[in-house]
Amino acid sequence: MRNIKPPIISDLKEKMVFISGPRQVGKTTLALEILRGNQSHPAYLNWDSDKDRIKIMHQEFPVDEPLLIFDEIHKFKRWRNYLKGLYDKTKHEKKYLVTGSARLDLYRRGGDSLFGRYHFYRLHPLVPNEIEKSISRQTIETLIKLGGFPEPFYSGSERVLKRWHRNRMIQVLRDDLRDLERIEEIDLVFRLAERLPALVGSPLSINALREDLQVAHFSVQRWLIVLEKLFYIYRISPYGAPKIRAVRKEQKTYLWDWSQILDPGARFENYVGSLLLAYCDYLEDTEGERMELRYIRDTDKREVDFVVIKNGAPLFAVECRLSDTSVNPHIHYFQQRTSIPYFYQVHMGQKHYQPKALPIEVIPIDKFASKVLKFG
């Protein structure tokens, strides 16, 4: 069961619920589970269906269904005002669950005529406790290898994964891109997206990408923002503290689908970052906490991969290593000079220990996922 399913069911008693997230991450499947139906259920209405579109526009809804699902309604230009009027007139008789990809998230950040009428959730790729209660190393290894999108993960096949990669790239970067932005240079955006897996884990150089693609700096910046809106990438900013000379502007870029990354170390780092982002978004969407995911890097290139921040205060930092052979010395440096209360070095080995009685824990990834990241 997906972690956000119970709070969504609870929130539907009060307001509309929006579920946003990457294409093919399981939004429609989750919505149909809540409806306890399938895509032929009369209460499930998909804007991409000609028949359903007519029903939506004419408000021809099944009388005895208390919950209605609108899928892909964000493709309707006036969808926000439509839902506002519908909800205000019928909120005592009907419940509404709305699913969509980038545009739900995009419109949420702008002026919002629906303010106060809905709860918002972000659905992430599968996290370990959604697959099994007692998290195993085998499940973690499969997630790292095949990614967390349901179709390739549950197939257990690298062949399926490779074919799925290609089809998803075409859908996201060609079909969805046309719906979201007026961009004529789609082939260049495609090339940019293909370059990004090799750049995961390092501060992203816009200038290097600009030179590679032979385009303006502004164009690369704009395309990266579009790729964020399409849930293809996410970016994290540096964390600053008074006693370190922290970098200020260099963002790091990660993929929602880490299985595209060839380098094992970068793929593992991206996987851990995606787990932490899912944890942050879960606390923000279900509890209302103000969460941030950042990283630490100073001008001397000392770095720790991630810092989780809650309501403005750091909770803990995480360094990612494939092996368990040694502790990153930068952890000690930042531990002495920041207010971060605890550090984890997460790895794919077996050792689990705390060195020299310091607030630093060397921990295998499966134990870290079980011990630290509590979803519900």
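Here's what I pulled together on the structure shown here. Given the structure is predicted, the values throughout are model-derived calculations rather than measurements. (Residues numbered from 1 in each chain as written. Predicted model: local features only at pLDDT ≥ 70, side-chain atom pairs only at ≥ 80, totals over all residues. Heavy atoms only, no water.)

## Quick look at the sheet that holds strand β4 (residues 95-100)
Strand order in this open sheet of five strands is β2-β3-β4-β1-β5, and the pairing throughout is parallel. Taken across any chain shown, the strands that pair with only one partner, and hence form the sheet edges, are β2 (44-46) and β5 (118-122). Averaged over all adjacent pairs, the angle separating strand axes in this sheet is 20°, with direction ignored. As paired elements, strand β3 (residues 67-71) and β4 share five bridges and run parallel to each other. Within the sheet, the bridge partner assigned to F70 lies in β4 and is V98. Sheet strands touched by helix α2 (residues 27-35): β1 (16-20), β2, β3 and β4. Its angle to β3, the strand with the most contacts, is close to 170°. (Pairing = 2+ DSSP bridges. Helix = DSSP H or I, 4+ residues; strand = E, 2+ residues; numbered from the N terminus. Axes fitted to C-alpha atoms, helices over the stretch in contact; angles between N-to-C directions. Contact = heavy atoms within 4.5 Å.)

## Some words on the sheet that holds strand β10 (residues 313-321)
One open sheet holds the seven strands; their spatial order is β7-β6-β8-β9-β10-β11-β12, and the pairing between them is mixed. With partners counted over all chains shown, the strands left at the sheet margins are β7 (252-255) and β12 (360-364), one partner each. Averaged over all pairs of adjacent strands, the angle between strand axes in this sheet comes to 35°, irrespective of strand direction. Inspection of the sheet shows strand β11 (residues 343-347) paired to β12 by five bridges, in the parallel sense. Along β12, the bridge assignment pairs H347 with P364. Those strands touched by helix α13 (residues 329-337) are β8 (291-297), β9 (303-310), β10, β11 and β12, and its axis lies near 45° from that of β9.

## Considerations on the packing of aromatic side chains
Any two aromatic rings considered together are summarised by their centre-to-centre distance and by the angle between their planes. According to the stated counting rule, one finds 21 aromatic pairs in the structure shown. For the pair W47 and F76, a centre-to-centre distance of 4.9 Å together with 20° between the ring planes defines the contact as stacked. Taken together, the residues span a long stretch of sequence, with W47 in the loop between β2 and α3 (50-58) and F76 in the loop between β3 and α4 (79-90) at a distance of 29 residues. Each of the two residues, W47 as well as F76, counts as buried. (Phe/Tyr/Trp six-rings, centres within 6.5 Å; stacked < 30°, edge-to-face > 60°. Buried < 20%, exposed > 50% of the residue type's maximum accessible area, 1.4 Å probe, protein only.)

## Looking at the packing of helix α9 (residues 186-195) against helix α10 (residues 206-213)
Contact pair α9 / α10: the axes reach a minimum separation of 11 Å and the direction vectors enclose 130°. As summarised for this structure, α9 and α10 are arranged oblique, according to the angle between their axes. Crossing geometry of α9 relative to α10 is assigned as right-handed. Of the residues in α10, those in contact with L188, R191, L192 and R195 of α9 are L209, D212 and L213. Residues of the contact of α9 with α10, tallied by class, amount to four nonpolar, no polar and three charged. (Parallel < 35°, antiparallel > 145°, perpendicular 65-115°, else oblique. Left-handed = near helix turned anticlockwise from the far one by under 90°. Nonpolar A, V, L, I, M, F, W, Y, C, P; charged D, E, K, R; others polar.)

## With respect to the nonpolar core
Core analysis: the largest hydrophobic core is formed by 114 residues, its most contacted members being F70 and F368. Here this core gets twelve residues from one element, more than from any other, and that element is helix α12 (residues 264-287). In this view, F70 contacts L45, I56, F61, L83, L86, Y96, L97, V98 and T99; residues no more than four positions away in its chain are not counted. Of all hydrophobic cores here, the second largest spans 17 residues; its members include V307, I309, I331 and F334. (Core = buried A, V, L, I, M, F, W, Y, C linked by side-chain atoms within 4.5 Å.)

## Structural notes on helix α11 (residues 217-229)
Taking 1.5 Å per residue, 13 residues should reach 18 Å; α11 reaches 19 Å between its end C-alpha atoms and fits that length. For α11, the full list of buried residues reads S219, V220, W223, L224, V226, L227 and K229. One or two positions beyond α11, positive phi appears at F231, with a value near 60°. (Expected span 1.5 Å × (residues − 1).)

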